[in-house]
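A look at the structure
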Amino acid sequence: RVMDAASDYEIMARMGLGTKDTFQMLGNIYTSQNMPSLALIAYEDALRLDEPPPIDGMLGAAEVLGARGALDESGELTERIKKVYGKNIERKDQIRLLKLQSQLAIARDDQDAAEKYLEDLVALDEADGQTILLLADFYARSGKTEKAIPLYEKVEAMPGFEADAFVKHAQMLVATNDYEGAIPLLEKAAELLNQQQDFTRRDNVNRYLESVRRMLAIAGVAFAVGVAAVADRVREAVGAVEVGAGR
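In short, a report on the structure.

Calculation rules
- Residues numbered from 1 in each chain as written.
- Predicted model: local features only at pLDDT ≥ 70, side-chain atom pairs only at ≥ 80, totals over all residues.
- Heavy atoms only, no water.
- Salt bridge = Lys/Arg side-chain N within 4 Å of Asp/Glu carboxyl O.
- Helix = DSSP H or I, 4+ residues; strand = E, 2+ residues; numbered from the N terminus.
- Buried < 20%, exposed > 50% of the residue type's maximum accessible area, 1.4 Å probe, protein only.
- Core = buried A, V, L, I, M, F, W, Y, C linked by side-chain atoms within 4.5 Å.
- Contact = heavy atoms within 4.5 Å.

**Digging into the pattern of salt bridges**
Applying the stated rule across the entire model yields 15 salt bridges. As a salt-bridge pair, E79 and K82 come within 3.9 Å of each other at their nearest N and O atoms. Taken as a pair, E79 and K82 lie in helix 5 (residues 71-85) at a separation of three residues, close to a single helical turn. K82 sits in the partly exposed class, given a relative accessible area of 33%. Residues R213 and E187 are paired through a salt bridge, measuring 2.7 Å at the closest nitrogen-oxygen approach. A residue pair is termed long-range when its members are at least 10 positions apart, and R213 in helix 12 (residues 199-246) and E187 in helix 11 (residues 179-195) qualify at 26 residues. Bridged by salt links that share partners, the residues E44, D45 and R48 form one connected network.

What follows is the structure, given as structure tokens:
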């Protein structure tokens, strides 16, 4: 029955009777039937009309295509949306569009594009803790710790995101062997989660905290052993020099 409806809409389109509603419905049907290439054609037909559909529906269509793994079709539709609606896109829709573009870039493993979209998104919505954390993670993974740290610190003061920010900040420090700096951040995260009675996450953080403490202890022992070994070599060298001088 669904495909019968699609056939009816296709006939209307061929007769020149297609409207923004029929093209959107046709695109939705093809999307639901896992026919993204045909869905894209229908959505693009809707966008070619003198009065295209509201941007909300088109963004929704692109989001659904992306969520279903049709990355190419979602990306093409996103680009068409940008061209059709242009400078008339409202701030809330710009944010939604940038989120979609960043998600598509991440799915394609296009790190540079994802980072740029996230930077634009953070500049547009500085209160989005989740996106700020995502951008901080990108900086951390690419070794841009000087950019990541202030973002983590900013989110550490944002209600609802503090614990995640403390943990992610700590993970970055652990990756750079700064165990001592990571421990107080993890302690803050664990205490905060305890206050929130989020005991499962608290226990996970505490386990990670204990492993970081062990790594710090091991690093300290290794450092001490290394210093002792160097000192022994220095003493041996000094002794050899002294013996040589005595001769």
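That was the structure; now back to the text.
**Describing the nonpolar core**
Ranked by size, the top nonpolar core spans 35 residues in total, and within it L186, V205 and V212 carry the most contacts. Per-element accounting of this core gives the leading share, nine residues, to helix 11. Non-local contacts of V205, meaning those with residues more than four positions away in its chain, are made with V167, L186, A189, A190 and L193. Core analysis: the next-biggest nonpolar cluster, separate from the first, contains 21 residues, A42, I55, L59 and A62 among them.

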